[in-house]
Amino acid sequence: MSNDSRILQPTRRSLLQGIGFGAAAVGGAQLAQFAFGSTAAQAQSNTKPVKLAVVAQQMSAQSDQRSWAGFQQWLQATGLDKSWEVNMTDAKGDPGALVSQVENAITAKSDAILVMYGTLTAAHSALDDLTSSKIPFFSLDSGWQSPAIADITSNNWVMGGQYTQYMVDRLLGEGKQKANICAVIANFHHGTRKRGKVMRAVLTENEWINLEADRVIQYSAFYETTQNVVNDWLARYGNDLDAIWCPWDEPGMAAAEVIKSRNMQDKVFVVSADGQSTAVERMRDPAYPLKATTAQAFEVWGAYTGWLINEIVGKGRNAKEVVPVPTVEFPAPLLVNGINMPPEGKPTYEATDLYYIYRDRALAGMKA
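These figures come from a predicted structure and were not determined experimentally.

Undergrad: Explain the confidence of the model for the protein to me, please; I cannot follow it from the model alone.
TA: Keep in mind that low pLDDT regions are not for reading the predicted coordinates in detail. Per-residue confidence for the protein gives a mean pLDDT of 88; residues scoring 70 or more make up 89%. This model gives residues 1-35 a pLDDT under 50, and the stretch forms 81 contacts once residues within four places in sequence are excluded.

Following this line, the structure appears as structure tokens:
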């Protein structure tokens, strides 16, 4: 296969148990067996070779890299890397390039096409051509658009509510009767756009929280832009500022680093989303300003996408049977600094949802 990326290490031993996956995936074959009910033999049974085109919106993003790595692990663990022809191209953040790459995949008569984290709202011509071509089309966290058989993602409305509500609860826990926040907004992706809308909705029910300022960023130079704007906010609002809301972890880390550089980590905290590995590692420090994120299982999404394509395209199963509704949503548990961080060196999908912590405490008392 082309454009190989790193493969997940076999030391990642268990999957997110809270969504029903079995434990102990010590290697790729066990990942396939326990997570997706598919041993290597089962994956290869009654299946045909698949010529798959994968189009990534931005392979420099951790989300794309992790999903691609999970897909590759699944492919190698099932042995289908020996029969599938997989070609991956990178649009490098350019929606126009993504359209061209999808068009090229159609011209190449691919058996299936997968778009990862794409801006499909700007790809109407490519979507129309996909419909005409009748090539099975799948997307990963791109927002469902016809004719996609499935979009694999999290529920961003739920996720946005989780970490926004945590921000509210933390402010209440600090005894705030009035609070001031600032927000970094990203509208270029359906997921971050939905999170921002939920944040605003939550604030309408918490009028004691004042949104002092917000800033819409683009993916290009987002880290530097966030650093600059947070520096400006801290200089402008100083000790009157209580929290900064961010659309995903990398701007969250940019905000946290600026807060640390001004030695304001005891005054201002940050919330964000995705559970990126670097952010999670930094959050193990109790003093780190980023206090909450979410555990998105990007690797598992990639592997599950492989399973879907094999079942529908490789084995010819009815798509409606395999995907009854077109959006496949994975839970994304809230991760809170000092409460339920995954073990050191483990991926975020090994975190325990707060529900299970609460449940086990309650059940221990009930059984006692």
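Having seen the structure, we can now continue with the description.
Undergrad: Please clarify how the sheet that holds strand β9 (residues 269-271) should be interpreted in this entry.
TA: As a general point, the strands of a sheet are linked pairwise by backbone hydrogen bonds and lie either parallel or antiparallel. Ordered by their spatial adjacency, 6 strands build an open sheet running β7-β6-β8-β9-β10-β12, and the pairing between neighbours is mixed. Looking at the sheet topology across the chains shown, the edges are occupied by β7 (209-217) and β12 (334-336). The mean inter-strand angle of the sheet, taken between neighbouring strand axes irrespective of direction, is 15°. Pairing of strand β6 (residues 179-186) with strand β8 (residues 243-245) involves 3 bridges; the strand directions are parallel.

Undergrad: Before we go on, may I ask you to explain the pattern of salt bridges in this structure?
TA: Side chains bearing opposite charge may pair, as long as their charged atoms lie close to each other. Using the criterion set out here, one finds 14 salt bridges in the structure. Residues Arg284 and Glu281 are paired through a salt bridge, measuring 3.2 Å at the closest nitrogen-oxygen approach. Its relative accessible area of 36% is what places Glu281 among the partly exposed residues. Among the salt bridges present, the one from Glu321 reaches Arg317, with a minimum N-O distance of 2.8 Å. Assessed through its relative accessible area of 51%, Glu321 is described here as exposed. Residue classification places Arg317 among the partly exposed positions, given a relative accessible area of 29%.

Undergrad: Explanation requested: the packing of aromatic side chains in the structure shown.
TA: Ring pairs (aromatic) are described by centroid distance and by the angle formed between their planes. Inspection of the entire model under this criterion finds 15 aromatic pairs. Ring geometry for Tyr117 versus Phe298: centroids 6.1 Å apart, planes at 75°, classification edge-to-face. A residue pair is termed long-range when its members are at least 10 positions apart, and Tyr117 in the loop between β3 (112-116) and α5 (124-133) and Phe298 in helix α11 (residues 298-314) qualify at 181 residues. Exposure remark for Tyr117: the relative accessible area of 7% places this residue in the buried category.

Undergrad: For this particular structure, what's the right way to read the packing of helix α4 (residues 95-107) against α5?
TA: Two numbers describe a pair of packed helices, the interaxial angle and the distance between the axes. In contact at an axis separation of 9 Å, α4 and α5 are set at 15° when each is read in the N-to-C sense. Judged by the inter-axis angle, α4 sits roughly parallel to α5. Note on packing geometry: the crossing formed by α4 with α5 is left-handed. Here α4 contributes Val99, Val102, Glu103 and Ile106 to the contact with α5, which in turn contributes Ser125, Ala126, Asp129, Leu130 and Ser133.

Undergrad: In this structure, what is going on with the pairing of strand β4 (residues 137-140)? I would like to understand it.
TA: On a regular strand, one side chain projects to one face of the sheet and the next to the other, so that they alternate. Burial of the side chains of β4 extends over both faces: Phe137 and Ser139 are buried on one face and Phe138 and Leu140 on the other. Sheet topology note: the β3/β4 ladder contains 4 bridges and is parallel. Bridge pairing in β4 links Leu114 to Phe138. What joins β3 to β4 is α5, and the crossover it makes is right-handed. As paired elements, β4 and strand β5 (residues 150-154) share 3 bridges and run parallel to each other. Residue pairing across strands places Leu140 opposite Ile152, the latter belonging to β5.

Undergrad: Teacher, can you tell me more about helix α8 (residues 222-237) here?
TA: Turn by turn, an α-helix covers 3.6 residues, leaving residues three or four places apart pointing in a common direction. Between the first and last C-alpha of α8 there are 22 Å, a value that for 16 residues agrees with the 22 Å anticipated at 1.5 Å per step. Of the positions making up α8, those classed as buried are Phe222, Thr226, Val229, Val230, Trp233, Leu234 and Tyr237. Taken around the axis of α8, the buried residues stretch over an arc of 140°, which confines them to a single face. Opposite its buried face, α8 presents the exposed residues Asn228 and Ala235, each directed more than 90 degrees away. Along its buried surface, α8 packs onto β6, β7, β8 and α9 (249-261).

Conventions we followed
- Residues numbered from 1 in each chain as written.
- Predicted model: local features only at pLDDT ≥ 70, side-chain atom pairs only at ≥ 80, totals over all residues.
- Heavy atoms only, no water.
- pLDDT = per-residue confidence, 0-100.
- Contact = heavy atoms within 4.5 Å.
- Pairing = 2+ DSSP bridges.
- Helix = DSSP H or I, 4+ residues; strand = E, 2+ residues; numbered from the N terminus.
- Axes fitted to C-alpha atoms, helices over the stretch in contact; angles between N-to-C directions.
- Salt bridge = Lys/Arg side-chain N within 4 Å of Asp/Glu carboxyl O.
- Buried < 20%, exposed > 50% of the residue type's maximum accessible area, 1.4 Å probe, protein only.
- Phe/Tyr/Trp six-rings, centres within 6.5 Å; stacked < 30°, edge-to-face > 60°.
- Parallel < 35°, antiparallel > 145°, perpendicular 65-115°, else oblique.
- Left-handed = near helix turned anticlockwise from the far one by under 90°.
- Right-handed = clockwise from strand over helix to strand, strands pointing away.
- Expected span 1.5 Å × (residues − 1).
- Arc of directions from axis to C-beta.

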